[in-house]
Amino acid sequence: MSSYKNHAIFGILLALPLIPDPLYLFFALLGASIPDLDHENNTNKVLDMFMVGVVLSVLLFFFNGFHLGGLLLVLVALIFYVSKHRSFTHTLVGILMLSSIFTLMIMGFIPTVTYFGVFMGLSLPSNMVLFIALAIVGYFVVSRKILLMYLLVLGLYLIIFPKNYLMLNWTFVGVMFMTGALSHLILDLWTPQGLKLFLPVSEKTYHKKIALLLLSLWIVCCIYLVLVNGSLFSNLIHIFTYT
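Throughout, a residue's number is its position along its own chain's written sequence, starting from 1. Given that this is a predicted model, residues contribute local features only at a pLDDT of at least 70 and side-chain atom pairs are listed and counted only at 80 or more, while totals for whole chains, interfaces and linings are drawn from all residues. With hydrogens and water stripped out, all remaining heavy atoms of the structure feed into the side-chain values.

Visitor: I'm lost on the packing of aromatic side chains in this one. Help?
Guide: Pairing of aromatic side chains here covers Phe, Tyr and the six-membered ring of Trp, requires ring centres within 6.5 Å, and sorts the geometry by plane angle: under 30 degrees stacked, over 60 edge-to-face, intermediate tilted. Under the definition given, this model contains 10 aromatic pairs. Measuring from ring centre to ring centre gives 5.2 Å for Phe198 and Tyr206, while their planes differ by 80 degrees; the resulting arrangement is edge-to-face. Every member of this aromatic cluster is reached through a ring pair, and the members are Tyr24, Phe27, Phe102, Phe172 and Phe177. Above the face of the Tyr139 ring, Arg144 is positioned so that its terminal group lies 4.3 Å from the ring centre. Here, over-ring charges are defined by two tests on the NZ atom of lysine or the CZ atom of arginine: distance to the ring centre within 6 Å, and angle to the ring normal within 35 degrees.

Structure representation (structure tokens):
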């Protein structure tokens with residue numbers, strides 16, 4: 001099994017040529033960490049996710065808050081709890097579903113964080129709301145060994161380059177979650193165990209050849225960006241204008 005560091009680095013590398021703004025790299029990093037939540041070593045994380053989701057949903061229900069984020073936290077906890085390692089969460093259908101759920105979850109956490117801020121008499125700036133929403137997801141998803149670094153880099157980035165969450169392209173957030181998760185699968189396809197990539201349609205186990213095909217598709221996407229934008233990194237100029 002590839003290490004959490006390899007998955008994190010590879011997820012960022014695959015996302016880097018595609019991003020319109022460096023902020024989206026954090027979503028790719030989260031996506032690269034998601035599939036292995038089905039591992040037995042992460043059972044405590046999943047149980048914490050479930051309990052926090054239940055408590056959050058109940059509180060928001062009684063206080064008339066927006067409780068989508070809490071409900072989705074419960075849903076993904078149940079998915080990971082019943083999934084065997086390298087089964088559903090390591091399939092194309094699985095990562096597509098999980099990427100969509102986590103995108104909706106962050107969309108749900110933003111009004112939740114804002115609501116609690118108002119409830120406590122605080123007017124939280126947009127970059128602080130984004131930090132808290134991404135920190136919550138990161139706490140449950142990112143390996144504890146790099147969690148502190150993740151939070152420090154995220155916080156520092158949002159301090160230097162404040163972002164308005166209203167300007168987020170949520171479709172692209174989902175694409176970045178998917179890119180990160182797909183990078184995870186590509187690395188796992190290189191291991192001797194391989195993956196049953198097309199469950200539940202097919203039980204066949206795939207290895208390096210399908211990984212090379214997925215990398216080839218990624219290269220095609222990069223070439224397309226070069227033809228359209230003139231440079232893989234041309235969109236990064238928006239770092240100074242995206243607010």
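Visitor: Please clarify how the side chain of Ser143 should be interpreted in this entry.
Guide: Examined against the element boundaries, Ser143 turns out to sit in the loop between α6 (126-141) and α7 (144-160). Owing to a relative accessible area of 18%, Ser143 belongs among the buried residues under this scheme. The contact definition used throughout considers only heavy atoms, calling two residues in contact when any of these lie within 4.5 Å. Residues in contact with Ser143, not counting those within four places in the same chain, are Tyr4 and Lys45. Secondary structure elements are defined from DSSP: runs of H or I of at least 4 residues count as helices, runs of E of at least 2 residues count as strands, and each element is numbered from the N terminus. A simple rule labels every residue: compare its accessible area, found with a 1.4 Å probe on the protein chains alone, to the largest value its type can have, and call it buried under 20%, exposed over 50%, or partly exposed in between.

Visitor: Looking at this structure, how should I read the nonpolar core?
Guide: Here is a general trend for soluble globular proteins: nonpolar side chains tend to be buried in one another's company. As used here, the term nonpolar core means buried Ala, Val, Leu, Ile, Met, Phe, Trp, Tyr and Cys residues forming a set that is joined through side-chain atoms within 4.5 Å. Residues Phe27, Phe102, Tyr150 and Met176 are the most contacted members of the largest nonpolar core, which totals 53 residues. Of the residues forming this core, the biggest block, 8 residues, is contributed by helix α5 (residues 92-119). In this structure, Met176 is in contact with Ala15, Leu18, Ile19, Tyr24, Phe27 and Ala28, ignoring residues within four places of it in sequence. The next biggest cluster of nonpolar side chains, apart from the first, holds 14 residues, and it includes Ile95, Leu189, Leu195 and Leu197.

Visitor: Could you clarify how one ought to interpret a nonpolar patch on the surface in this entry?
Guide: Residues enter a patch when their relative accessible area is above 30% and they make no salt bridge; the linking distance is 9 Å between like charges and 5 Å between nonpolar side chains (Val, Leu, Ile, Met, Phe, Trp, Tyr). A 1.4 Å probe and the Shrake-Rupley method give the accessible areas. Residues count as covered only by the protein chains that appear here. Within this document, salt bridges are pairs made up of a side-chain nitrogen of Lys or Arg and a carboxyl oxygen of Asp or Glu, the two lying within 4 Å of each other. There is a patch of nonpolar side chains on the surface, built from Val54, Val55, Val58, Leu59, Phe61, Phe62, Phe63, Phe119, Met120 and Leu122 and spanning about 1,000 Å² of accessible area. The element best represented in the nonpolar patch is helix α3 (residues 43-62), accounting for 6 residues. With respect to the helices and strands, Val58 occurs in helix α3. On the basis of relative accessibility, which here comes to 41%, the residue Val58 falls in the partly exposed class.

Visitor: Explain the pattern of salt bridges to me, please; I cannot follow it from the model alone.
Guide: Between side chains of opposite charge, a pair can form as their charged atoms come close. Taken as a whole and judged by the stated rule, the model has 3 salt bridges. The salt bridge involving Lys163 is made with Asp21; its shortest N-O contact spans 3.1 Å. With Lys163 in the loop between α7 and α8 (170-189) and Asp21 in the loop between α1 (4-15) and α2 (24-33), this residue pair connects regions lying 142 residues apart in the sequence. Using a relative accessible area of 2% as the deciding quantity, one classes Asp21 as buried. Close ionic contact of Glu203 with Lys196 constitutes a salt bridge, the shortest N to O distance being 3.3 Å. Accessibility expressed as a relative area gives 55% for Glu203, which makes it exposed.

Visitor: What exactly am I supposed to notice about the packing of α1 against α8 here?
Guide: When two helices pack together, their arrangement is captured by the angle between the axes and the distance separating the axes. Angles here are taken between N-to-C directions and fall from 0 to 180 degrees, while the axes themselves are lines fitted to C-alpha atoms, restricted in helices to the stretch in contact. Two elements in contact, α1 and α8, have axes whose closest approach is 8 Å; the angle formed by their N-to-C orientations is 125 degrees. The angle between α1 and α8 falls in the class oblique. α8 is crossed by α1, and the crossing has right-handed handedness. Along its contact with α1, which presents Asn6, His7, Phe10, Gly11, Leu14 and Ala15, the element α8 presents Met176, Thr179, Ser183, His184, Ile186, Leu187 and Asp188. Throughout this description, any angle smaller than 35 degrees is read as roughly parallel, any larger than 145 degrees as roughly antiparallel, any in the 65 to 115 degree range as roughly perpendicular, and the remainder as oblique. By convention, the crossing between two helices is left-handed when the near helix turns anticlockwise from the far helix through less than a right angle, and right-handed when the turn is clockwise.

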